[in-house]
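Working through the structure, step by step
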Amino acid sequence: MTIKPRHPEKVNKPVNPIKKKPDWIRSKLTNSKEFFLTKTIVNQNNLVTVCQEANCPNITECWSKRHATFMIMGDTCTRACAFCDVKTGKPGKLDSFEPVKIAEAVKKLDLKHVVITSVDRDDLEDGGSNHFYEVIDQIRKKNPNTSIEVLTPDFLRKGDAYKKVLEANPDVFNHNIETVPRLYLKVRPGSRYFSSLELLKNAKLVNKNVFTKSGLMVGLGENKEEIVQVMDDLKAAEVDFLTIGQYLQPSVRHHPLDRYYHPDEFKELETIAKSKGFLLVSSTPLTRSSYHADEDFAKLQQNRINNH
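Source: prediction; values computed, not measured.

1. Re the side chain of Ser 214
- By secondary structure assignment, the location of Ser 214 is in strand S7 (residues 211-218).
- What makes Ser 214 buried here is its relative accessible area of 0%.
- In terms of polar contacts, Ser 214 uses its side chain to reach the backbone carbonyl oxygen of His 175, at 2.7 Å.
- In contact with Ser 214, other than residues within four places in its own chain, are Asn 174, His 175, Asn 176, Ile 177, Leu 200, Leu 234, Val 239, Phe 241, Leu 242 and Thr 243.

2. Structural notes on the packing of aromatic side chains
- Summed over the entire model, instances satisfying the criterion amount to five aromatic pairs.
- When the ring of Tyr 193 is compared with that of Phe 194, the centres are 5.0 Å apart and the planes differ by 90°; the resulting orientation is edge-to-face.
- Classification of Phe 194 as exposed rests on a relative accessible area of 59%.
- With a centroid separation of 6.0 Å and an interplanar angle of 85°, the aromatic rings of Phe 211 and Phe 297 are classed as edge-to-face. Of this pair, Phe 211 sits in strand S7 while Phe 297 is found in helix H11 (residues 293-307), placing the two residues 86 residues apart along the sequence.
- Given a relative accessible area of 5%, Phe 211 falls into the buried group.
- A cation over a ring is seen here: Arg 259 above Tyr 261, with NZ or CZ 3.8 Å from the ring centre.
- Positioned above the aromatic ring of Phe 211 is the side chain of Arg 304, whose terminal nitrogen or guanidinium carbon lies 3.8 Å from the ring centre.

3. Things to note about the layout of surface pockets
- Of the volumes computed, that of the second largest pocket is approximately 170 Å³.
- What lines the second largest pocket is a set of twelve residues, and nearest its centre among them are Val 281, Ser 282, Ser 283, Asp 296 and Lys 299.
- Listing elements by their share of the lining of the second largest pocket, those giving two or more residues are helix H10 (263-275), strand S9 (280-283) and H11.
- The greatest single-element share of the lining of the second largest pocket, amounting to four residues, is contributed by S9.

4. Topic: the confidence of the model for the protein
- On average, the protein scores 85 in pLDDT, and the residues at 70 or more come to 86%.
- When mean pLDDT is taken per element in the protein, helix H9 (residues 224-236) scores highest with 98 and helix H2 (residues 50-53) scores lowest with 63.

5. Some thoughts on the sheet that holds strand S6 (residues 172-174)
- Sheet architecture is open: seven strands sit in the order S1-S4-S5-S6-S7-S8-S9, paired in parallel fashion. Among the strands making up the open sheet, the edge pair consists of strand S1 (69-72) and S9. Taken over all neighbouring pairs, the strand axes of this sheet differ in orientation by 20° on average, direction set aside.
- Here strand S4 (residues 113-118) pairs with strand S5 (residues 147-151) via five bridges, running parallel. Within S5, the position partnered with Ile 116 by the bridge is Val 150.
- Here helix H8 (residues 193-206) sits on the sheet in contact with S6 and S7, set at roughly 165° to S7.

6. Overview of unusual backbone geometry
- At Met 73, a position not held by glycine, the phi torsion is positive, near 70°.
- Checked against the element boundaries, Met 73 lands in the loop between S1 and strand S2 (76-77).
- Despite not being glycine, Asn 169 has its phi angle at roughly 65°, a positive value.
- Within the element layout of this structure, Asn 169 appears in the loop between helix H6 (162-167) and S6.
- For Asn 169, a relative accessible area of 45% gives the class partly exposed.

7. A few points about helix H1 (residues 33-44)
- Here H1 spans 16 Å end to end across twelve residues, near enough to the 16 Å set by a 1.5 Å rise per residue.
- Residues of H1 that are buried include every one of Phe 35, Thr 38, Ile 41 and Val 42, and no others. The buried residues of H1 occupy an angular sector of 135° when the element is viewed end-on, so they sit on one face. Those residues of H1 that are exposed and angled more than 90 degrees off the buried face are Lys 33 and Gln 44.
- Trailing H1 by a residue or two, Asn 46 shows a phi angle of about 50°, which is positive.

8. Structural notes on the side chain of Ser 147
- Note on placement: Ser 147 falls in strand S5.
- Of note is the side chain of Ser 147, whose polar atom sits 2.7 Å from the side chain of His 113.
- With residues up to four places along the chain from it excluded, the contact list for Ser 147 reads Lys 112, His 113, Val 114, Asp 171 and Phe 297.

What counts, and where the lines are drawn
Residues numbered from 1 in each chain as written. Predicted model: local features only at pLDDT ≥ 70, side-chain atom pairs only at ≥ 80, totals over all residues. Heavy atoms only, no water. Helix = DSSP H or I, 4+ residues; strand = E, 2+ residues; numbered from the N terminus. Buried < 20%, exposed > 50% of the residue type's maximum accessible area, 1.4 Å probe, protein only. Polar contact = N/O pair within 3.5 Å; in protein donor to acceptor, adjacent residues only side chain to side chain. Contact = heavy atoms within 4.5 Å. Phe/Tyr/Trp six-rings, centres within 6.5 Å; stacked < 30°, edge-to-face > 60°. Lys NZ or Arg CZ within 6 Å of the ring centre and 35° of its normal. 1 Å grid on protein atoms, 1.4 Å probe; cavity = no way out; pocket = protein on both sides within 12 Å on 5 of 7 lines; lining within 4 Å. Points joined across faces, edges and corners; volume = space filled by probe spheres on them. pLDDT = per-residue confidence, 0-100. Pairing = 2+ DSSP bridges. Axes fitted to C-alpha atoms, helices over the stretch in contact; angles between N-to-C directions. Expected span 1.5 Å × (residues − 1). Arc of directions from axis to C-beta.

Right, here's the structure in full:
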């Protein structure tokens, strides 16, 4: 029996040996009741989570706290970003029951804060924005006290489709810039740096109450000046919350890891970002855009009040 490769589009890519992880990258293992409860609810409802699909290092900790990030519109992406562990290909049809299933799971897990992300769906006319709208709408109906964060694709070449997501009034609108402009062609070949910036800027114009958020991975070959430039660009786009985390190479066929940043360097980047006036900055090796999202949302609200 031949095993199909998970990333057929990366088969012809050069082999990049994976560098040994330093001590500070080890993720904590917690085999709690809560972890298995989360896992059971996710599996019983046939839901896709980015925690599993993207092989997140924080899955045991987050699931133990009953915190999950749901990935909507299937598990197959129409893009092939060089850093990502989600599989690429031709996605299936949208599941019209998915919004209800997710709303039910949020209720069963009793989530205070939920993160909804998706694969890229370049095959859909609206990039999936109406589906996002439905998911947010259903969660709100069944869980009026749950705050909702969306982590969306860039809706590249989809016109005003992104506005539909904001119409549903999510509490946080997140779109990850991922890396510096110079590395885009290698790291995010299907995306455009300035389109992603524009999306974040427009989100704020369309819905001035929404918190905007973006994330950056380090260790792909960027330098400090470039990171600082991205911070300035995001600040100019009025982004409220910046996350910075270490890139971890998912396989030998993925984008090579340039280096591991030391925790002190993350601290330094956090200091620089805070000095630029972001409402909130999370910068640690294991920071992922949804990591501690519930606690961070509470901080965002508090910081906004303090700044007024």
